[in-house]
Number of protein chains: 2
Amino acid sequence: MVSKNTIKLIKSLALKKNRIKQNLFLVEGDKNVSEVLVSQFNVENLLATGTFLENNSSLLNKVKLVTEVTKLEIEEASLLKNPQNSIAICKLPKTEDFPEKIESDLCIYLDDIQDPGNLGTIIRICDWFGINQLFCSPKTADFFNPKVIQASMGSFCRVETWYTLFEPVASHARKSGIPILGAFLDGKNIYEQKLPKQALLVLGNEGNGISSAIENKVEQKIRIPEFNHNQASAESLNVSVAAAIICSEFKRQNYFPDYSK
Amino acid sequence: MVSKNTIKLIKSLALKKNRIKQNLFLVEGDKNVSEVLVSQFNVENLLATGTFLENNSSLLNKVKLVTEVTKLEIEEASLLKNPQNSIAICKLPKTEDFPEKIESDLCIYLDDIQDPGNLGTIIRICDWFGINQLFCSPKTADFFNPKVIQASMGSFCRVETWYTLFEPVASHARKSGIPILGAFLDGKNIYEQKLPKQALLVLGNEGNGISSAIENKVEQKIRIPEFNHNQASAESLNVSVAAAIICSEFKRQNYFPDYSK
């Protein structure tokens, strides 16, 4: 049985100011919830149907409070259009210090990505391509926005994310001899150049691209060429799509350079 | 000035049954609207602010009815969370006959893609990669869903789309000697094989992948490898992200095979 107060709390966690005030965030969708149950995050209250609890019974030991609810109650509490069988209310983690070491061969900085769906999709892409550290500008969508969590399909549990100005990340990269790449519509064709073994990749805002202050610090401008020469075509690709193509080409060149010729 | 009836009409066009009944569809977002004004589609009623009309004055000649409205009126009528400065009510085009010829070197069949955002993003990817014909299974999201149009960012004007069972497309491909590729989690690494010069690529449903009836007709199973060997990682990529990576690798191999080694 879900109390009115719990429903009110859940709804309130759609907003960042409430997440900070309550020190909580929300995880919805059965895939996301089953991932958060085995993650580093602390689950304060798990609301789930009997079936979900049965299927995930081995994962419940570190949950503070388990509340069995009906599907109807989930539907009432959920922020989703298509509610599933579980909702986890989790504790916001402590903000981590800036990492001492960039671990991935490819590391990404997001310059004001606004759409939560894009951020979540990029987190999922990072996870797929073994990028477990992600840097975001302070104005990028909030990692703990329920829509980000939702779109990440569980990958939010595995990709550590820092909100930081660009300079500390850039300075870190420079000191480590890691080149700074940026995706621009007028950059050099990624298929026609050797990408470095290690890189810091900057991706810009959906409408405005990379801000000029950051552009000045980019050492290598890259571009995904379009293939529609005979007519007008798409002006740009969605930023998460661009992220995916660049990650793919970077990994291909470094891990499978000799194939497919 | 927008009438109450027009607002009611606009709201009703969110649903396919109403689009068919009215023989109309909706285009929102200034980028989409300015593209539809120069497209083959017939614009029945353009509602736009004075500024939008001024900026696009050269494109208004084939619009049946132009209604200057305030931003507030757009906000009242719009289906979007962040309404812009224009809404176009357009005539549904006649259903085109099955194309006589597959024009693109890469051709895509979508097997029950449910999310309108995914379909719109795939249309935008097709446009970028010069794929101007797209085939969708009858249960794939409707091309004229306002969310599809929105996510396509104008590309819906340039990518012709047919809703059809798989067999006619497959048979067409077979007759033309075009191999049928499908994206599977257990397919062969795309980076480790020579992709064909021409192909029909099948992409499956978000939750269930490619249906088994279609799987039987796929001649070459391909896979985007993941790069996270040391730990659990994302189980799959978003279907539009997978589409983007496969299109990119296909085009790279065929147009830029000799670079980046």
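It should be emphasised that the depicted structure is a prediction, and the values quoted were computed from it without experimental measurement. (Residues numbered from 1 in each chain as written. Chains lettered and ligands numbered in written order. Predicted model: local features only at pLDDT ≥ 70, side-chain atom pairs only at ≥ 80, totals over all residues. Heavy atoms only, no water.)

Peer 1: Go over the sheet that holds strand E2 (residues 43-48) of chain A, please, and point to the residues and values.
Peer 2: Residues and elements named next belong to chain A. Pairing is mixed across the open sheet formed by four strands, whose spatial order is E1-E4-E2-E3. Bordering the open sheet on either side are strand E1 (24-28) and strand E3 (65-68), each of which pairs with just one other strand. Adjacent strand axes in the sheet meet at a mean angle of 15°, parallel and antiparallel pairs treated alike. In this structure, E1 lies alongside strand E4 (residues 86-91), joined through five bridges in antiparallel fashion. Across the sheet, residue leucine 24 finds its bridge partner in E4, namely lysine 91. Running over the sheet, helix H1 (residues 4-12) touches E1, E2 and E4 and is turned about 75° from E4. (Pairing = 2+ DSSP bridges. Helix = DSSP H or I, 4+ residues; strand = E, 2+ residues; numbered from the N terminus. Axes fitted to C-alpha atoms, helices over the stretch in contact; angles between N-to-C directions. Contact = heavy atoms within 4.5 Å.)

Peer 1: So what's going on with the sheet that holds strand E9 (residues 199-204) of chain A? Residues and values would help.
Peer 2: Residue and element names in this part refer to chain A. Ordered by their spatial adjacency, six strands build an open sheet running E7-E6-E5-E9-E8-E10, and the pairing between neighbours is parallel. Looking along the sheet, the strands with just one partner apiece sit at the ends: strand E7 (160-163) and strand E10 (220-223). Each neighbouring strand pair of the sheet contributes to a mean axis angle of 35°, computed without reference to strand direction. As paired elements, strand E6 (residues 133-136) and E7 share four bridges and run parallel to each other. Of the residues in E7, the one forming a bridge with leucine 134 is threonine 161. Sheet strands in contact with helix H6 (residues 116-128) are strand E5 (106-111), E6 and E7, and its direction is about 155° off that of E6. Against the sheet, helix H8 (residues 166-175) touches E5, E6, strand E8 (180-189) and E9, its axis set at about 155° to E9.

Peer 1: Tell me what's going on with the pattern of salt bridges, and back it up with residues and numbers.
Peer 2: Residues and elements named next belong to chain A. Tallied over the full model, the rule gives 22 salt bridges over all chains. Close ionic contact of glutamate 167 with arginine 174 constitutes a salt bridge, the shortest N to O distance being 3.1 Å. Residues joined by salt bridges that share partners form a network here, namely Lys31, Glu35, Asp127 and Arg158. (Salt bridge = Lys/Arg side-chain N within 4 Å of Asp/Glu carboxyl O.)

Peer 1: Requested: an account of the domain arrangement of chain A, with residues and values cited.
Peer 2: Residues and elements named next belong to chain A. Once the domains are mapped, chain A shows domain 1 (4-91) and domain 2 (106-255). One C-alpha centre belongs to domain 1, the other to domain 2; they are set 30 Å apart. In this assembly, 17 residues from domain 1 lie in contact with twelve residues from domain 2. Across the interface of domain 1 and domain 2, roughly 1200 Å² is buried in total on both sides, 62% from carbon and sulfur atoms. Counting the surface domain 1 buries against domain 2, the share from its top three residues, Arg19, Asn32 and Glu35, is 38%. The tally of links between domain 1 and domain 2 comes to two salt bridges. (Domains from an automatic or database assignment. Buried area = accessible area lost by both parts, 1.4 Å probe.)

Peer 1: Before we move on, can you summarise the packing of helix H10 (residues 239-255) of chain A against helix H10 (residues 239-255) of chain B with the specific residues and values?
Peer 2: Put simply, H10(A) and H10(B) touch, their axes get as near as 9 Å, and they point 50° apart. Relative to H10(B), H10(A) is oriented oblique. Crossing angle aside, the handedness with which H10(A) passes H10(B) is right-handed. Residues Val241(A), Ala244(A), Ile245(A), Ser248(A), Glu249(A) and Arg252(A) of H10(A) lie in contact with H10(B), whose contacting residues are Val241(B), Ala244(B), Ile245(B), Ser248(B), Glu249(B) and Arg252(B). (Parallel < 35°, antiparallel > 145°, perpendicular 65-115°, else oblique. Left-handed = near helix turned anticlockwise from the far one by under 90°.)

Peer 1: Give a description of the side chain of Ser12(B) that names residues and reports values.
Peer 2: Of note, Ser12(B) is situated in helix H1 (residues 4-12). Within the structure, Ser12(B) has its side chain in polar contact with the backbone oxygen of Leu9(B) (distance 2.7 Å). (Polar contact = N/O pair within 3.5 Å; in protein donor to acceptor, adjacent residues only side chain to side chain.)

Peer 1: Describe the nonpolar core, listing the residues and the values that go with them.
Peer 2: Leu46(A), Phe129(A), Ile224(A), Leu46(B), Phe129(B) and Ile224(B) are the most contacted members of the largest nonpolar core, which totals 122 residues. With near-sequence residues (within four places) excluded, Phe129(A) lies in contact with Ala244(A), Cys247(A), Ser248(A), Lys251(A), Tyr191(B), Ile224(B), Pro225(B), Phe227(B) and Ile245(B). (Core = buried A, V, L, I, M, F, W, Y, C linked by side-chain atoms within 4.5 Å. Buried < 20%, exposed > 50% of the residue type's maximum accessible area, 1.4 Å probe, protein only.)

Peer 1: Could you give me a rundown of the relation of the copies chain B and chain A, with the residues and numbers involved?
Peer 2: Between chain B and chain A, which share one sequence, the superposing operator has a rotation angle of 180° and an axial displacement of 0.0 Å; the RMSD is 0.0 Å. Interpreted geometrically, this transformation is the action of a two-fold axis. Both copies contact each other with a shared surface, as 100% of the interface residues of chain B are interface residues in chain A too. (Least-squares fit on C-alpha atoms with pLDDT ≥ 70 in both.)

Peer 1: An account of the environment of Cys136(A) is requested, with residue identities and associated values reported.
Peer 2: Structurally, Cys136(A) is set in strand E6. Other than its neighbours up to four places away in sequence, Cys136(A) contacts Tyr109(A), Leu110(A), Leu119(A), Thr161(A), Trp162(A), Tyr163(A) and Thr164(A).

Peer 1: Explain the interface of chain B and chain A to me, and be specific about the residues and the numbers.
Peer 2: Facing the 47 residues of chain B at the interface are 47 residues of chain A. Both sides of the chain B and chain A interface together cover about 4400 Å² of buried area, and 60% of this is carbon and sulfur. Linking chain B with chain A are two salt bridges. The salt bridge partner of Arg252(A) is Glu249(B), with a shortest N-O separation of 3.7 Å. Taken together, chain B and chain A are joined by eight residue pairs in polar contact (both at pLDDT 80 or more). Those elements that place two or more of their residues in the side of chain B that touches chain A are helix H6 (116-128), strand E8 (180-189) and H10 of chain B.

Peer 1: Describe the pairing of E1(A), and please don't skip the residues or the numbers.
Peer 2: Counting buried positions along E1(A) gives five out of five residues, so the element sits mostly inside the fold. Side chains Leu24(A), Leu26(A) and Glu28(A) project from E1(A) onto one buried face, and the interleaved Phe25(A) and Val27(A) project onto a second face that is buried too.

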